[in-house]
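Below are the chains, spelled out letter by letter.
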Amino acid sequence: MAENVSPWNLYDELIAGVPDDVLVTDYCLGTHWSYLEAECGMGVSFTTRGGSSRNDKRDLRGLSLREAAALAKSWCFEEASIGIAALNAWYARRELTDALGATYDEAVDLPDGTVRKIDAFELYRPEIAAKGDAKVTVVGHFPHVDRIAEYAELTVLERNPRDGDTPDPACEYVIPEQDYLFMTGVTIINKTAPRLLALAEGVTTIMVGPSVVMSPVLFERGVDMLAGSVVADPEKTKFAVKTGAGQFFGEALQMCSIRAK
């Protein structure tokens, strides 16, 4: 990204692509996940805490989807979580993702003989391992991220570091030297995505998780793969968000990946 381009441009482009004549019908800011349902469909995001205090106390039902999506720009990360869910209510729909050549729930054979559903880390394993000395950074401590250390030099950037993690301000020093970058979709919510993508110029970049906005606008920012999700069952999604129970992945949500052309 050119230095004179505002980081807000990413958000403005995403929001501008959402119609203003589609209305919000329901939403929920859950403990772990959030959803927003509109006349066109449903989107989800990770419920991200922190940032500024929550000031928008409106009932979003009946509001235009574009206006709800504008909450993605809020510095209250809970409000932004709803905004990202609103963006995915529009972008993460099969009719749009199909047209972009999306792959859904692709089975992946793991080295230990097991098979699991689509996983961006495992999809890239053969390519990364073939390099022999690849440097890989993951933004966000994903489950089983340590597996990458079996075949590459791994750095995990984390806002709340665990043993072995590196504090996320190190991104300025680490990312430009990497071969591969996996970024959690939460970086869109907490507003770090534009800077991380700028640092990753020339680095193979994959955005991962249900908070990834499934829009080709991100390909224009250098993303090579969007590894997010579409809502497969709205009722199961509502149940999982509201109760923290149910099978969120694999039943409520269908994992989805799209590669840049």
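So, here's what we can say about the structure.

Quick notes on the rules
Residues numbered from 1 in each chain as written. Predicted model: local features only at pLDDT ≥ 70, side-chain atom pairs only at ≥ 80, totals over all residues. Heavy atoms only, no water. Helix = DSSP H or I, 4+ residues; strand = E, 2+ residues; numbered from the N terminus. Rg over C-alpha atoms; globule rule 2.2 N^0.38 Å. Buried < 20%, exposed > 50% of the residue type's maximum accessible area, 1.4 Å probe, protein only. Phe/Tyr/Trp six-rings, centres within 6.5 Å; stacked < 30°, edge-to-face > 60°. Lys NZ or Arg CZ within 6 Å of the ring centre and 35° of its normal. Arc of directions from axis to C-beta. Contact = heavy atoms within 4.5 Å. Polar contact = N/O pair within 3.5 Å; in protein donor to acceptor, adjacent residues only side chain to side chain. Pairing = 2+ DSSP bridges. Core = buried A, V, L, I, M, F, W, Y, C linked by side-chain atoms within 4.5 Å.

A tally of regular secondary structure across the protein gives 9 helices and 13 strands. Its C-alpha radius of gyration of 18 Å places the protein within 12% of the 18 Å reference for a compact globule of 261 residues. With the C-alpha coordinates of the protein rotated into their principal frame, the extents come out at 55 × 45 × 35 Å. Relative to its 261 residues, the protein shows a buried fraction of 55%.

Further remarks concern the packing of aromatic side chains. This model, assessed by the stated rule, comprises 10 aromatic pairs. When the ring of phenylalanine 121 is compared with that of phenylalanine 142, the centres are 5.3 Å apart and the planes differ by 65°; the resulting orientation is edge-to-face. Taken together, the residues span a long stretch of sequence, with phenylalanine 121 in helix H5 (residues 120-131) and phenylalanine 142 in the loop between strand S7 (135-139) and strand S8 (153-158) at a distance of 21 residues. For phenylalanine 121, a relative accessible area of 9% corresponds to the buried category. Under the relative-accessibility criterion, phenylalanine 142 is labelled buried at 16%. Among the aromatic side chains, those forming a connected cluster through ring pairs are Phe121, Tyr124, Phe142, Tyr180 and Phe182. Positioned above the aromatic ring of tryptophan 90 is the side chain of arginine 93, whose terminal nitrogen or guanidinium carbon lies 3.9 Å from the ring centre. Stacked on the ring of tyrosine 104, the Lys or Arg arginine 94 has its end atom at 3.6 Å from the ring centre.

By the burial criterion, the buried members of helix H9 (residues 234-243) are Thr237, Lys238, Ala240 and Val241. For H9, the angular spread of the buried residues around the axis is 165°, confining them to a single face. Opposite the packed face of H9, turned more than 90 degrees from it, sit the exposed residues Glu235 and Lys242. Contacts from the buried residues of H9 go to strand S1 (24-29), strand S2 (33-38), strand S3 (41-46), strand S12 (225-231) and strand S13 (253-259). Capping the start of H9 is the job of one residue whose side-chain oxygen sits 3.1 Å from the backbone nitrogen of glutamate 235: aspartate 233. One or two positions beyond H9, positive phi appears at glycine 244, with a value near 75°.

For S3, the buried fraction is high: 5 of the 6 residues fall into the buried class. Pairing geometry for S2 and S3, over 6 bridges, is antiparallel. Bridge pairing in S3 links alanine 38 to glycine 41. Taking the residues between adjacent antiparallel strands as the criterion, S2 and S3 are bridged by 2 residues.

The next thing to look at is the side chain of serine 45. Relative to the helices and strands, serine 45 is located in strand S3. A polar contact is formed between the side chain of serine 45 and the backbone oxygen of serine 81, at a distance of 2.6 Å. In this structure serine 45 touches Trp33, Ser34, Ser81, Ile82, Ile84, Ala85, Ile189, Pro210 and Ser211, once residues within four positions along its chain are discounted.

Of all hydrophobic cores here, the largest spans 57 residues; its most connected members are Leu36, Leu65, Leu87 and Leu218. No other element matches helix H3 (residues 77-91), which puts 10 residues into this core. Leaving out residues up to four positions away in the same chain, leucine 36 has contacts with Val24, Asp26, Tyr27, Gly41, Met42, Gly43, Leu65, Ala68, Ile82, Ala85, Ala86 and Ala89. Listed in part, the 19 residues of the second largest apolar core include Val136, Val145, Ile148 and Tyr151.

With 5 bridges connecting them, S1 and S2 associate as antiparallel partners. Counted as the bridge partner of leucine 29 is serine 34 from S2. Adjacent in sequence and paired antiparallel, S1 and S2 are bridged by 3 residues.

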